[in-house]
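Per-entry structural report
Listed below, chain by chain, are the residues.
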Amino acid sequence: MQLVAVDIGGTHARFALAEVADGRVVSLADPVTLKTAEHASLQTAWEAFGAQVGPLPRAAAIAVASPVGGELIKLTNNPWVIRPALVKERLSVDDFVLINDFAAVGHAAAQVEAAMFAHISGPDVPLASRGVITVCGPGTGLGVAQVLRTDAGYHVLETEGGHTDFAPLDSIEDALLRRLRTDHGRVSVERVVAGPGIVGIYRTLAEIEKRDDPRLDDKAIWTLALAGNDSLALAALDRFCLSLGAVAGDLALAHGAKGVVIAGGLGLRLKDHLARSGFGERFAAKGRFRSLMEQIPVKLITHPQPGLFGAAAAFAKEFAQ
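Below you will find a few notes about this structure. (Residues numbered from 1 in each chain as written. Predicted model: local features only at pLDDT ≥ 70, side-chain atom pairs only at ≥ 80, totals over all residues. Heavy atoms only, no water.)

**Remarks on the overall build of the protein chain**
For the protein chain, the helix and strand inventory stands at 12 helices and 14 strands. Seen through its principal axes, the protein chain has C-alpha atoms that stretch 60 × 45 × 35 Å. Counting only residues that meet the buried cut, the protein chain has 50% of its 321 residues in that class. Partitioning the contacts of the protein chain with sequence separation of at least 6, the portion at a separation of at least 24 is 67%. Surface summary for the protein chain: the accessible area is close to 14,800 Å², and the carbon and sulfur share equals 49%. The protein chain carries 31 positive and 35 negative side-chain charges, and their two centres are separated by 4 Å. (Helix = DSSP H or I, 4+ residues; strand = E, 2+ residues; numbered from the N terminus. Buried < 20%, exposed > 50% of the residue type's maximum accessible area, 1.4 Å probe, protein only. Contact = heavy atoms within 4.5 Å. Areas by Shrake-Rupley, 256 points an atom, 1.4 Å probe, with all protein chains shown as cover. Lys, Arg positive; Asp, Glu negative; His and termini not counted. Charge placed at Lys NZ, Arg CZ, Asp CG, Glu CD.)

**Points about the pattern of salt bridges**
Enumeration according to the criterion identifies 13 salt bridges in this entry. Ionic pairing is found between Asp 94 and Arg 58, a salt bridge with its closest N-O pair at 3.1 Å. Taken together, the positions of Asp 94 in the loop between helix 2 (87-91) and strand 8 (95-100) and Arg 58 in the loop between helix 1 (42-53) and strand 5 (59-64) put the pair 36 residues apart, joining distant regions of the chain. Asp 94 sits in the partly exposed class, given a relative accessible area of 40%. Among the salt bridges present, the one from Arg 186 reaches Asp 165, with a minimum N-O distance of 2.9 Å. With a gap of 21 residues between them, Arg 186 in the loop between helix 4 (171-184) and helix 5 (197-208) and Asp 165 in the loop between strand 12 (153-159) and helix 4 connect regions that are remote in the sequence. Accessibility expressed as a relative area gives 48% for Arg 186, which makes it partly exposed. Because the salt bridges share partners, they merge into one network encompassing Asp 170, Glu 173, Arg 239 and Arg 282. (Salt bridge = Lys/Arg side-chain N within 4 Å of Asp/Glu carboxyl O.)

**Overview of the sheet that holds strand 11 (residues 142-150)**
What the six strands build is an open sheet, ordered 9-14-13-10-11-12; its pairing is mixed. Each having just a single partner strand, strand 9 (117-121) and strand 12 make up the two edges of the open sheet. Going across the sheet, the axis of each strand differs from the next one's by a mean of 25°, ignoring polarity. As paired elements, strand 9 and strand 14 (residues 298-301) share four bridges and run antiparallel to each other. Counted as the bridge partner of His 119 is Lys 299 from strand 14. (Pairing = 2+ DSSP bridges. Axes fitted to C-alpha atoms, helices over the stretch in contact; angles between N-to-C directions.)

**Describing the packing of aromatic side chains**
Taken as a whole and assessed by the stated rule, the structure comprises four aromatic pairs. For the ring pair Trp 222 and Phe 240, a centre distance of 5.0 Å and an interplane angle of 80° mean the geometry is edge-to-face. In this pair, Trp 222 sits in helix 6 (residues 218-227) while Phe 240 sits in helix 7 (residues 231-255), placing the two residues 18 residues apart along the sequence. Of the two residues, Trp 222 and Phe 240, both sit in the buried class. Considering the side-chain rings of Phe 279 and Phe 283, the 6.3 Å spacing of their centres and the 15° angle between planes classify their relative orientation as stacked. One end of the pair is Phe 279 and the other is Phe 283, both in helix 10 (residues 279-284) and four residues apart, which spans about a single turn. (Phe/Tyr/Trp six-rings, centres within 6.5 Å; stacked < 30°, edge-to-face > 60°.)

**Description of the environment of Met 293**
For Met 293, the location among the structural elements is in helix 11 (residues 290-293). According to the relative accessible area criterion, Met 293 is buried, its value standing at 1%. A sequence separation of 40 residues divides Met 293 from Leu 253, and the C-alpha atoms of the two residues are 7.8 Å apart. Ignoring any residue separated from it by four or fewer positions in sequence, one finds Met 293 in contact with Gly 249, Ala 252, Leu 253, Phe 283, Ala 284 and Lys 286.

**Here's the deal with the nonpolar core**
With 47 residues, the main nonpolar core has Val 193, Phe 240, Ile 262, Leu 274, Phe 279 and Phe 283 as its most contacted residues. Here this core takes 11 residues from helix 7, the largest share from any one element. Counting 39 residues, the second-largest nonpolar core is a separate cluster that includes Val 105, Phe 117, Ile 133 and Val 135. (Core = buried A, V, L, I, M, F, W, Y, C linked by side-chain atoms within 4.5 Å.)

**A look at the packing of helix 5 against helix 6**
Where helix 5 contacts helix 6, the two axes come as close as 8 Å, and the packing angle between them is 70°. One way to sum up the angle between helix 5 and helix 6 is to call them roughly perpendicular. On the side of helix 5, the interface is formed by Ile 198, Val 199 and Tyr 202, while helix 6 contributes Asp 218, Ile 221 and Trp 222. Of the residues belonging to the contact of helix 5 with helix 6, the class tally is five nonpolar, no polar and one charged. (Parallel < 35°, antiparallel > 145°, perpendicular 65-115°, else oblique. Nonpolar A, V, L, I, M, F, W, Y, C, P; charged D, E, K, R; others polar.)

**Details of the pairing of strand 12**
Note on strand geometry: in a regular strand, side chains alternate between the two faces of the sheet. Looking at chain direction, strand 11 and strand 12 are connected through seven bridges and run antiparallel. Looking across to strand 12, one finds that Thr 150 is bridged to Gly 153. Counting the residues in the hairpin turn of strand 11 and strand 12 gives two residues.

Here you go:
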């Protein structure tokens, strides 16, 4: 069965033809990326994609950066509005699924091949075939989901785990919490271990070292950090990895997870840093539960388009069993 997979974010909408069978994704074509600012709606972007690739299948799997309940979906950082009741009519499809973008990542984590995971910490073994897998993805925010695997298949559970409280573990993080509390009042883990969180970390380190703050934005700091040619930005990157390890460990402990998958565009950019950072030590450092945490494999999903793949996987699970 053929369908169009769509992954809609704030800046870009990605489209790809996909084929599914027996509840799984068989193939995913190369994506076409369109700028949302250049299209008035999902329908006009859909038509632009069709003009490039030819007649489209009458099925769609759509992942959106927004909650998907209700009669009207307003996307985050994107002026498009989607009315689920009108999707079949507007896109000329017979069947469709409409899911949250991080739920799509959960489906991807459940279905991609083992070769699409890079080992980060814990035992280098495949993810468990039964039990809970925690999926967390640092990006613009911190997405969190659970994948429950059973003998009969799997279920994806969306959560708002990115909004749990941030717990500092040393004096540097104490200082970071004080800074962020001044700005935000309550401080969630998303304020620290999502892309924009690098700014607060960087400025806290600059203050500790009594350096002038150059007031760089998150994109500039990430560029410097990943290039490795600015010592303070690199220190902020190391601190980010430490904090992400602590948060991922807390989530796994709360979920009773048998494995953890790090996802998200930022997660993929950290591929060469996480395994050799203090991520693994912080992940396991849960006091009396250290021995348990040390037995949990932590992987990074390396599929280039987990949102598109996951949207197609969600469709396959519902319509192509």
